[in-house]
Amino acid sequence: MTVVLKLGGSVITEKDEPETVDRAALSAAVSAIAESAVGDDIVIVHGGGSFGHHHAADYGVSTTAGTHDVDGVQAIHGAMCRLNAAVVDALTEHGVPAVPVHPFSVAVRDADGDLSLPTAQVTTLLDEGFVPVLHGDLVAHAGAGATVLSGDELVVELAPAVDAERVGVCSTVPGVLDEDGAIIDRIETFEAVAPALGGSDATDVSGGMAGKVRALLALSAPALVFGPDALSAFLGGESPGTTIAGDDAG
């Protein structure tokens, strides 16, 4: 079975403290992956948290607003590489054969904003027994310089490329919540839940929960959004949190 797992940046960092890893939370997540993912092919994507988002906000960069400022590009990408190294190191320490894959080196948006992400390196690494670890990053953007490439966008690109049978998004909340704070069991259209989806509490240049839901509805396979405490359950084959299944999902 092939699994694509997104670790939210807010899960593994102190999102209000610039460039600060939440060591306890990262260790717990990595332990769950090491213990539960035996026998599965797994691709890991992580968000920016307090590493990428603060720099992106400082330079006014988002998934749609770009920059030609080389200092900004280096600050944002450099921060994400530092977080990626921390995640890869933690996985390695737990015996997971993790390797870094940096999207900025290969991805591009055209002038219309459409994303192109080559994935042969990811599928080959999986075939060769590695665990590719990608991350929210910048992307070269025709006419805009460089824009943010969110982890959620990466999940949408990667899942069909690796024929993922399970897609999980580990967030700081136990699922997608309705206006009363209760977990929504299943989402099949964005319109049905739009009133309940606000922005992220912390600085987020990639669209918050609304952006996640929109992105995941585009998948051909159902995706699950759940909290850190449910990561082991997800990797063990359970369906915690919210199931997001658009018209194309089985």
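Report on the accompanying structure.

Cut-offs and rules
Along each chain, numbering runs from 1 in the same order as the chain's sequence is written. At least 70 in pLDDT is required for a residue's local features to be given in this predicted model, at least 80 for side-chain atom pairs to be given and counted, and no such filter applies to totals for whole chains, interfaces and linings, which use all residues. Computation of side-chain values covers all heavy atoms of the structure but excludes hydrogens and water. Per the convention used, a helix needs a DSSP run of H or I reaching at least four residues, while a strand needs a run of E reaching at least two, with both numbered from the N terminus. Each radius of gyration reported is based on C-alpha atoms, and the globular scaling rule is 2.2 Å times the count of residues to the power 0.38. Classification of residues uses two cut-offs on accessible area relative to the type maximum, computed with a 1.4 Å probe and protein chains only: under 20% is buried, over 50% is exposed, and between them is partly exposed. Two residues qualify as a contact provided that any one of their heavy atoms is within 4.5 Å of a heavy atom in the partner residue. Residue burial considers only the protein chains on display, and all accessible areas are found by Shrake-Rupley using a 1.4 Å probe. Two residue types count as positive, namely Lys and Arg, and two as negative, namely Asp and Glu; His and chain ends fall outside the count. Charge positions are represented by NZ for Lys, CZ for Arg, CG for Asp and CD for Glu. A pair of strands is treated as paired once DSSP finds two or more bridges between them. Axis definition: a line fitted to C-alpha atoms, limited for helices to the stretch in contact. Angles are taken between N-to-C directions and run from 0 to 180 degrees. Should a side-chain nitrogen of Lys or Arg be within 4 Å of a carboxyl oxygen of Asp or Glu, the pair is scored as a salt bridge.

Across its full length, the protein chain holds eight helices and twelve strands. Taking 18 Å as the expected radius of gyration for a compact globule of 250 residues, we find that the protein chain reaches 17 Å, a close match to that expectation. Structurally, the protein chain occupies a C-alpha span of about 45 × 45 × 35 Å along its principal axes. Considering the protein chain as a whole, with its 250 residues, one finds that 53% of them fall into the buried category. In the protein chain, the proportion of contacts linking residues at least 24 apart, taken out of those at least 6 apart, comes to 75%. Total accessible area on the protein chain stands at roughly 10,400 Å², and carbon and sulfur atoms take up 48% of it. On the protein chain, the mean spot of the 9 positive side-chain charges and the mean spot of the 36 negative ones are 2 Å from each other.

Quick look at the sheet that holds strand β4 (residues 108–109) now. What the four strands build is an open sheet, ordered β5-β4-β7-β8; its pairing is mixed. The open sheet has two edge strands with one neighbour each: β5 (115–116) and β8 (145–149). Bridging between β4 and strand β7 (residues 137–141) involves two bridges; their strand directions are parallel. Looking across to β7, one finds that R109 is bridged to H141. Each of β4, β5 and β8 touches helix α6 (residues 151–161); the most contacted strand, β8, lies at about 80° to it.

Moving on: the pattern of salt bridges. Per the counting criterion, the structure on display carries five salt bridges. R186 serves as the salt-bridge partner of E188, at 2.8 Å between the closest nitrogen and oxygen. With relative accessibility at 42%, the residue R186 sits in the partly exposed group. Put simply, K6, D152 and K212 are held in one network by salt bridges that share partners.

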